[in-house]
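What follows is the residue order along each chain.
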Amino acid sequence: MDAAYITKLGRSPLSIGTIPIPKLDNYSVLIRVQCVSIQPVDIKTKTGEVRSLKGTPSVLDPLVLGYDCSGTVAEIGAKVTQWKVGDEVFVFSAAGGLARYTVVPESHIARKPSTVSFAHAAALVTSGSTSMQAFKYAREKCGPLKKVFITAGAGGVGHLAIQIAKQYFGVEFVATTASETKVDYVKSVGADVVVDYKKSGDESDFVKALSKYGPFDMALDCTVEAAKCKKIVKDGGMVVGLIGIPNGDAIARAVEMHKLKGIPTFVYSLLNFLTWFWNLGARVKVNYILALAEAKELEDLGELCADGKIKVFIQKVFPLSETNEAFEYLGKGHVKGRVIVDVSGENAGAASF
């Protein structure tokens, strides 16, 4: 099958070529991939900055990237009961989606609403799940969320987080950061106040610019500004960060969900201790999450999208043959929304809302 893959870690381009179709087990599903939404984590996995869920690639065991994908069921394992050939689905695929086919456990798959395109469904996976899990975690630890701050509101996670906060969690007031050219865009998806981080002086400092709006219940740090975010969060509130070391419980959940090997169990206790120690006596706690898309969560996101309650912005669509160009485009940063690779060649017109 055609695929974009690597045989070694580093900054060399991905190979675009032919590899074997993955094999099914009794409880897995073979999906004919339509679209993949590529993420910064795909770039970091390629370079080796982030460990792959499948381990180290080699010539004999190439690594297919692209975890967030959508497509149709092509074949089912002998004991699969939830799915049939032809079903339209979207999923987080540890096996990688930048290939004509990918294999996923049946319990990880979500049904794609018929009114949501394959491109938009793929774009929901990690960005939407990250937002859902961040707000659920903060609400569980800190109570009701009425006022929320989100960094980088125009980004892939940020633009969905603004909408999910209001449409799913009932948040009343959302503030965010964006450059001047994206202010109207983030307001259109629900931001109440936008701080232009490129302005000079106090106007670009969200701590000072947002002081008049009072303390926030929580902050979602999509960049690396947790220390600043703490300054605008109320006592007993929380900063949920996306770029940092998650606690041991999050790692243990990932290991169980994807049947990973090679991680000693003492690591979980060590990470939990470090999280506790870093937050010891803190007015506002900082916790880093490791979002893993679950089927029920994806179905909720699909329904929100189908009902028009959330919209996914797609900046650009690339064919599979231009996957390297897609990675380069995403790697330059400041992308509005998501970047899609059209694996099937049938979704070229999917850009924008």
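Note that this is a predicted model, so its numbers are computed, not measured. (Residues numbered from 1 in each chain as written. Predicted model: local features only at pLDDT ≥ 70, side-chain atom pairs only at ≥ 80, totals over all residues. Heavy atoms only, no water.)

Give me the packing of aromatic side chains: which residues, what numbers.
One pass over the full model with this rule turns up 11 aromatic pairs. Each residue in the set F149, F173, F206, Y213 and F216 is aromatic and connected to the rest through ring pairs, giving one cluster. One residue, K228, lies across the ring of F206, its end atom 4.5 Å from the ring centre. (Phe/Tyr/Trp six-rings, centres within 6.5 Å; stacked < 30°, edge-to-face > 60°. Lys NZ or Arg CZ within 6 Å of the ring centre and 35° of its normal.)

Hey, could you go over the sheet that holds strand 12 (residues 216-221) for me, with residue numbers and the actual values?
Sheets are built from strands paired through backbone hydrogen bonds, the pairs being either parallel or antiparallel. The six strands lie next to each other as 11-10-9-12-13-14, forming an open sheet whose pairing is parallel. In this open sheet, the two edge strands, each paired with only one partner strand, are strand 11 (193-196) and strand 14 (285-288). The sheet shows a mean angle of 20° between the axes of neighbouring strands, direction not considered. In this structure, strand 12 lies alongside strand 13 (residues 233-241), joined through five bridges in parallel fashion. Bridge assignment links A219 to a residue of strand 13, and that residue is V239. Running over the sheet, helix 3 (residues 156-167) touches strand 9 (147-150), strand 10 (173-178) and strand 12 and is turned about 175° from strand 10. (Pairing = 2+ DSSP bridges. Helix = DSSP H or I, 4+ residues; strand = E, 2+ residues; numbered from the N terminus. Axes fitted to C-alpha atoms, helices over the stretch in contact; angles between N-to-C directions. Contact = heavy atoms within 4.5 Å.)

How would you summarise the packing of helix 1 (residues 40-47) against helix 10 (residues 323-331) if you had to cite specific residues and measurements?
It is at 10 Å that the axes of helix 1 and helix 10 come closest, and there the two elements cross at 110°. For the element pair helix 1 / helix 10, the angle class is roughly perpendicular. Considering the relative orientation of helix 1 and helix 10, their crossing is left-handed. For the pair helix 1 and helix 10, the contacting residues are P40, D42, I43 and K46 in the first and F327, L330 and G331 in the second. In the contact of helix 1 with helix 10, the residues fall into four nonpolar, one polar and two charged. (Parallel < 35°, antiparallel > 145°, perpendicular 65-115°, else oblique. Left-handed = near helix turned anticlockwise from the far one by under 90°. Nonpolar A, V, L, I, M, F, W, Y, C, P; charged D, E, K, R; others polar.)

Just give me the short version of the sheet that holds strand 2 (residues 15-18), but keep the residues and values in it.
The three strands lie next to each other as 2-1-4, forming an open sheet whose pairing is antiparallel. Every other strand in the sheet has two partners, leaving strand 2 and strand 4 (63-64) as the edge strands with one partner each. Two strands pair when backbone bridges link them, and strand 1 (residues 2-6) and strand 4 are joined in this way by two bridges, in the antiparallel orientation. Bridge pairing in strand 4 links I6 to L63.

Report on the nonpolar core, specifying residues and quantitative values.
Membership of the largest hydrophobic core comes to 55 residues, with the highest contact counts inside it found for F135 and I150. Looking at which element gives the most residues to this core, the answer is helix 2 (residues 118-142), with 11 residues. Discounting chain neighbours no more than four positions away, the residues touching F135 are L145, V148, I150, A161, I164, A165, F169, M218 and L220. Membership of the second largest hydrophobic core comes to 34 residues, among which are M1, L14, I38 and V91. (Core = buried A, V, L, I, M, F, W, Y, C linked by side-chain atoms within 4.5 Å. Buried < 20%, exposed > 50% of the residue type's maximum accessible area, 1.4 Å probe, protein only.)

An account of the packing of helix 2 against helix 9 (residues 295-306) is needed here, citing residue identities and associated values.
Their axes nearest at 10 Å, the elements helix 2 and helix 9 cross at an angle of 105°. As judged from the angle between their axes, helix 2 and helix 9 are roughly perpendicular. Side by side, helix 2 and helix 9 meet where L124, V125, G128, S129, M132, Q133 and K136 of the first sit next to E297, L298, D300, L301, G302 and C305 of the second.

Hey, could you go over the pairing of strand 10 for me, with residue numbers and the actual values?
Most of strand 10 is tucked away: six of the six residues are buried. Burial along strand 10 is two-sided: the residues F173, A175 and T177 and V174, T176 and A178 are all buried. Examined bridge by bridge, strand 9 and strand 10 share four bridges and lie parallel to one another. For K147, the partnering residue across the bridge sits in strand 10 and is F173. At this point the chain moves from strand 9, through helix 3, to the parallel strand 10, and the crossover so formed is right-handed. Pairing between strand 10 and strand 11: four bridges, direction parallel. Counterpart to A175 in the pairing with strand 11 is V193. Crossover connection from strand 10 via helix 4 (residues 183-188) to parallel strand 11: handedness right-handed. (Right-handed = clockwise from strand over helix to strand, strands pointing away.)

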